[in-house]
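# An overview of the molecular structure
In case you want the letters, here they are:
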Amino acid sequence: MKFEIEMPKGNDMQPIFLKHSGAKEKWYLGGIDEGIELKVEDVMIDIHSLATGWGFWENKQPFYHYSWDEKLTVDSGKPDGDEWKRAFSCYIKLAGHEDPLIWRSHSWGELQGFQGMMQTLPFKSIHPIVIDGCEEGKLPVVTYVKSEKPKDIQSSIPIFEFKGFAKRPDDFQTPKWYLEQIKPDQELEVETKKPDEDIPF
């Protein structure tokens, strides 16, 4: 009998976390110190995965702690403790990278970058989410342009531009375990308008 440890398959396999270094102005898979530098260009955003809340890091397991808002962007209340900072989470797919990733952070620069990225999307409504021109089966795609360091700030902000919409790949579905973590209280509503052209992803 062959000894083989059963591994999760498909969407049950937890992806690697994406991290932007505000000091180095670069992207990494995993942590900045021990992670792998990654080239980021086009980013597909799973709208069902969006979450905002509070987070902090401590130097012992489980290291990262998060408390998610019941409603996207609406503060459900800061947990006790000065260490908590506003945070976000989203499930994304990078062009040229096979596995989906989680971009999740409570760092100032990444939070500003996430908010700026969301502000490029043509939202008609946030509660519930309605994106102008997004038809069923498609998701928004943004392009990472650069990292920008504001004056007198020691961190940088990733800057994005809205590119359009692309068909959701079959291997890019919101994992059940992810949704159970963030408990999003929103649904994606789409319009039937056909975009001028599709983005290959």
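Structure: see above.
Cut-offs applied
Residues numbered from 1 in each chain as written. Predicted model: local features only at pLDDT ≥ 70, side-chain atom pairs only at ≥ 80, totals over all residues. Heavy atoms only, no water. Helix = DSSP H or I, 4+ residues; strand = E, 2+ residues; numbered from the N terminus. Buried < 20%, exposed > 50% of the residue type's maximum accessible area, 1.4 Å probe, protein only. Contact = heavy atoms within 4.5 Å. Expected span 1.5 Å × (residues − 1). Arc of directions from axis to C-beta. Salt bridge = Lys/Arg side-chain N within 4 Å of Asp/Glu carboxyl O. Phe/Tyr/Trp six-rings, centres within 6.5 Å; stacked < 30°, edge-to-face > 60°. Pairing = 2+ DSSP bridges.

Turning our eyes to something else, we now look at the overall build of the protein. In terms of regular secondary structure, the protein is built from 2 helices and 12 strands. In the protein, the order of α-helices and β-strands from amino to carboxyl end is β-β-β-β-β-β-β-α-β-β-β-β-α-β. For the protein, the residues scored as buried account for 41% of the 201 residues in total. Within the protein, residue pairs in contact and separated by at least 24 positions form 65% of the contacts whose partners lie at least 6 positions apart.

The end-to-end C-alpha distance of helix 1 (residues 108-119) is 17 Å, a good match for the 16 Å that 12 residues give at a rise of 1.5 Å each. Three or more residues of helix 1 are buried, namely Gly109, Glu110, Gly113, Phe114, Met117 and Met118. End-on, the buried residues of helix 1 take up no more than an arc of 170°, which puts them together on one face.

Inspection of every chain in the model, using the stated rule, returns 10 salt bridges. A single network of salt bridges, built from pairs that share partners, joins Asp69, Asp75 and Arg86.

Let us look at the packing of aromatic side chains. Both the distance between ring centres and the angle between the ring planes are used here to describe each pair of aromatic rings. Applying the stated rule across the entire model yields 16 aromatic pairs. Relative to Phe114, the ring of Trp103 lies with its centre 6.3 Å away and its plane at 75°, an arrangement referred to as edge-to-face. With a gap of 11 residues between them, Trp103 in strand 7 (residues 101-105) and Phe114 in helix 1 connect regions that are remote in the sequence. For Trp103, a relative accessible area of 1% corresponds to the buried category.

Take the pairing of strand 8 (residues 123-126) next. Across 3 bridges, the pairing between strand 8 and strand 9 (residues 129-131) is antiparallel. Across the sheet, residue Ile126 finds its bridge partner in strand 9, namely Ile129. In this structure, the hairpin formed by strand 8 and strand 9 is closed by a connection of 2 residues.

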